[in-house]
Amino acid sequence: MDKPLRDDFRPSRNEACFCNSGLRFKNCCGSSASNRQPPYGVVVIENFLSPDECQALVVLAKTLESERLTIVDLEHTNEDEVVRKVDEGRVTERVDMSAHQSRLDQFVKQALLEVVEPHVKDKVSWFEQPQLLKYNPGGFYLPHADSENFDESSQRWRKDLDRDISLLLYLNSDFEGGHISFENFGYKIKPKAGMLIFFPSDSRYLHTAEAVTEGVRYAIVSWSSLLSSPKVRRSPPPDAISLI
Ligand SMILES: O=C(O)CCC(=O)C(=O)O
Ligand SMILES: [Fe+2]
C-alpha cells in the first residue's frame, strides 16, 4: 500500500501563510500576538459538552481503574508474544471505560456529525474507539503527530495510520499546566471543561500535551478517517466505529 511522504513543515516567519490568506505567516497562522486565533485547521469550540455532561464523566472516571498507556516493544515482540513497554514520551493513563464505552462513543459521534463533517466538507468513514485519558500531576505527552512518523532515510514524514482528523473533548478545568500546544504555529491553549478541539492528524499539526503541574486533567481522544482520503492500511483498526 502507498504510504505518502510529507516534507517537514518549517514555514519561515516572512513567507506567505500556507492558509492562503495572503498574509505573511508571522501575521497569520504563526502570529505571536496574545489575542491570536487558532491556526488554520485547528478548530476550538467552547462548551460543546455541558457542565453536567463533563461532571458526570469525571465523577464516573474517578471510580474506575486506570492504567499507564504503553506501546508495542518491537525489539522484544516475536511471533509468540506481543511485548509492550511504557512510552518515555508519554506519561498518560487510560481510564478503563469498558462498561461505559458507549457514552464516549456517543459524544464523539455527535461532534463528528454536527461539527467536524460540516467543517471539513467530507464524511467520516470511521473513528477509532474513543479513549478517556487521565493526566496526573507530572503527566504529559511530548510533541508527536497522530498519523505520521518521521522517516530517517528520506527525512520526510510517512503516513502510517489512517487518521485524518484528531479530536479532543476536554472534561475539566480544575488543573494547572496541561496546555495543548502546536509547535509549528507557536499556538497553545488551556483546555476547559466542555471544550472540543479538532485538527488534521498530520505532522504539520505536531502537538504536545504539556505537563500538568497541579490537579488531574481528563480528556476524551479519538481519530477519524475521512471518506475521501486514500487509505494506507488494508483495513480499519479492529475497534473502529463505522459511520458510513
Ligand atoms: O491530551 C491532549 O490534549 C492531547 C492528547 C493527544 O495528543 C493524543 O492522545 O494523541
Ligand atoms: Fe495526539
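The structure displayed is predicted, hence computed values, not measured ones.

## Focus on the overall build of the protein
In terms of helices and strands, the protein carries two helices and 21 strands. Against the 2.2 N^0.38 benchmark of 18 Å for 244 residues, the protein shows a C-alpha radius of gyration of 18 Å, consistent with a compact globule. Structurally, the protein occupies a C-alpha span of about 50 × 45 × 35 Å along its principal axes. Evaluated residue by residue, the protein yields a buried proportion of 32% over its 244 residues.

## Observations regarding the site of ligand 1
The environment of ligand 1 is formed by L133, Y141, D146, L168, I180, H207, A209, A219 and V221. Of all elements in the fold, only β18 (207-209) and β20 (217-226) reach the threshold of two or more residues within the shell around ligand 1. In the shell around ligand 1, the residues fall into seven nonpolar, one polar and one charged.

## Section: the environment of S50
Tracing the chain through its elements places S50 in the loop between β2 (43-45) and α1 (51-63). It is 9.4 Å that separates the C-alpha atoms of S50 and L171, two residues lying 121 residues apart in sequence.

## Concerning the sheet that holds strand β12 (residues 156-159)
If you walk across this open sheet you meet the three strands as β1-β12-β11, and the pairing is antiparallel. Lying at the two open borders of the sheet, with one neighbouring strand each, are β1 (5-6) and β11 (148-151). As judged from the two bridges shared by β1 and β12, these two strands associate in the antiparallel manner. The residue of β12 that forms the bridge with L5 is R158.

## Concerning the UniProt feature "domain: Fe2OG dioxygenase" (unreviewed entry) in the protein
In this numbering, the UniProt entry assigns the feature "domain: Fe2OG dioxygenase" (unreviewed entry) to residues 126-226. Annotated as 0% helix and 56% strand, the span residues 126-226 places its first and last C-alpha atoms 7 Å apart.

## Thoughts on helix α2 (residues 101-120)
The largest bend in α2 amounts to roughly 40° and is located at L112. For α2, the complete set of buried residues consists of L104, F107, V108, A111, L112 and V116. Against β8 (124-127), β9 (131-135), β13 (165-170), β17 (196-200) and β20 lie the buried residues of α2. Within two residues after α2, K121 carries a phi angle of roughly 50°, on the positive side.

## Remarks on unusual backbone geometry
With glycine set apart, most residues show a phi of negative sign, and most peptide bonds adopt trans. Residues other than glycine seldom take positive phi values, yet N47 does so here, at roughly 55°. Its place among the elements puts N47 in the loop between β2 and α1. Of note in this structure, Q155 is not a glycine but carries a positive phi near 55°. Residue position: Q155 is located in the loop between β11 and β12. By the C-beta count within 10 Å, which is 10 here, Q155 ends up exposed.

Cut-offs and rules
Counting from 1, residues in each chain are numbered in the order their sequence is written. Here the convention is simple: chains get letters from A, ligands get numbers from 1, in the order in which they are written. Selection of residues for local features in this predicted model requires a pLDDT of at least 70, selection of side-chain atom pairs for listing and counting requires 80 or more, and totals for whole chains, interfaces and linings are taken over all residues. Helical segments are the DSSP runs of H or I of at least four residues, strand segments are the runs of E of at least two, and each set is numbered from the N terminus. The size measure is the radius of gyration over C-alpha atoms, and the globule rule it meets is 2.2 Å times the number of residues to the 0.38 power. As a rule, residues whose C-beta atom has 12 or fewer other C-beta atoms within 10 Å are exposed, those with 20 or more are buried, and those in between are partly exposed; C-beta atoms are placed from the backbone. Any residue whose C-beta atom, as placed from the backbone, lies within 6 Å of a molecule or strand is termed near it. All residues other than Ala, Val, Leu, Ile, Met, Phe, Trp, Tyr, Cys, Pro, Asp, Glu, Lys and Arg, Gly among them, are scored as polar; the first ten of these are nonpolar and the last four charged. For two strands to be treated as a pair, DSSP must find no fewer than two bridges joining them. UniProt positions are given in the numbering used here, feature names are shortened, and annotations may be inferred rather than shown by experiment. Across the chain, bend at a residue is computed as the angle between axes fitted to the seven residues ending at that point and the seven starting from it. With C-beta atoms placed from the backbone, a contact is any residue pair whose C-beta atoms sit within 7 Å.

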